[in-house]
Amino acid sequence: MRVVTDGAADVAPDLAARLTIETVRGPVCFGGVRWHGDPGEFWVALRRGGRPPATEAPTVEDLAASYRADGPVLAVHVSSELSRTVAHARAAAAEVKAVVEVVDSRSLSVGTGLVAVAAGQAIEAGVEWERLRKMAATWVDEVHLHGVIDDVAFLVRGGRAGLVAARVSKHAHRHVVAVKGHVIPVRQVRHRAEAVREMVAHVREHVPDGAPRWAVGHGDCDDIDDVVERLVGVFRCDPSFVSLFGPPVGSHMGPGAIAVAFFSPS
């Protein structure tokens, strides 16, 4: 059994390698030129300014090529309400002569990544295929994601401002959001400290007694260690992983953005 995901799922690279989670990435273009490089180099390029990068979902052909390898595949992908990836994945699964379970995570970034990691760990522990499929459905129901968008200009330039609000205030350009299938605007605020405080408060409401499995993604944040430390106090344990956003998420959320994902029974 294998786990396949996509570039809009953020997982710490060393953990993905250990659990043999395969990532199928769609193209990323700066100024019409296909970009190749690691996440660190992406953030250097993004901070240079200019036109925001354009991202696309993985193609049906690329997904099908990944699914054709040996063994049943649990294909964990970013929410179908935010990307065409799940539609492409279902088309790819229909093409191949293999056992493929396409899982719409109803999340993105470290939310989708957390579901993929849980599946990889279950396979590592020897869970059988039918049980894994049922567990994945439960994880989708339980995964939550809360975040801070530090500079909404990246969404505006990319034509995605409508994800956070019908109207974006020039004076309160930091947004606190949640994701459950789609992006849920929570609040617009002026100061970063206030945005982080609001995000942490919303997380605490969901997990008043802590939670054993959580993860953090970020847009190359200088203060990420401080944010993680505050969240450790909420969850009462260390995160499963902390990861830079990859290009699909980073292109729209921009530098300074934060996302925290966790499992909490509904």
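Residues numbered from 1 in each chain as written. Predicted model: local features only at pLDDT ≥ 70, side-chain atom pairs only at ≥ 80, totals over all residues. Heavy atoms only, no water.

Visitor: Even after reading the chapter, I still don't get the overall build of the chain, so can you show me in this structure?
Guide: Of the regular secondary structure elements, the chain holds 10 helices and 13 strands. Projected onto its principal axes, the C-alpha coordinates of the chain cover approximately 55 × 50 × 30 Å. Among the 266 residues that make up the chain, the fraction classed as buried is 55%. Residue pairs at least 24 apart in sequence account for 74% of intrachain contacts in the chain once pairs closer than 6 positions are excluded. Surface summary for the chain: the accessible area is close to 12,100 Å², and the carbon and sulfur share equals 50%. (Helix = DSSP H or I, 4+ residues; strand = E, 2+ residues; numbered from the N terminus. Buried < 20%, exposed > 50% of the residue type's maximum accessible area, 1.4 Å probe, protein only. Contact = heavy atoms within 4.5 Å. Areas by Shrake-Rupley, 256 points an atom, 1.4 Å probe, with all protein chains shown as cover.)

Visitor: Help me understand the sheet that holds strand β5 (residues 54-55) in this model?
Guide: Sheet strands pair by backbone hydrogen bonding; their relative direction is either parallel or antiparallel. Taken in spatial order, the 3 strands of this open sheet run β4-β3-β5, and their pairing is antiparallel. Either end of the sheet is taken by a strand with one partner, and the two such strands are β4 (33-34) and β5. As paired elements, strand β3 (residues 28-30) and β5 share 2 bridges and run antiparallel to each other. Bridging across to β5, Val28 finds its partner in Thr55. (Pairing = 2+ DSSP bridges.)

Visitor: Please explain the environment of Thr5 as it appears in this structure.
Guide: Turning to its location among the elements, Thr5 is positioned in strand β1 (residues 2-6). Judged by relative accessible area, Thr5 falls into the buried class, the value being 1%. Separated by 13 residues in sequence, Thr5 and Arg18 place their C-alpha atoms 15 Å apart. Ignoring any residue separated from it by four or fewer positions in sequence, one finds Thr5 in contact with Ile21, Glu22, Thr23, Val24, Val76, His77 and Thr112. Engagement of the side chain of Thr5 in a polar contact is seen with the backbone oxygen of Val76, the distance being 2.7 Å. (Polar contact = N/O pair within 3.5 Å; in protein donor to acceptor, adjacent residues only side chain to side chain.)

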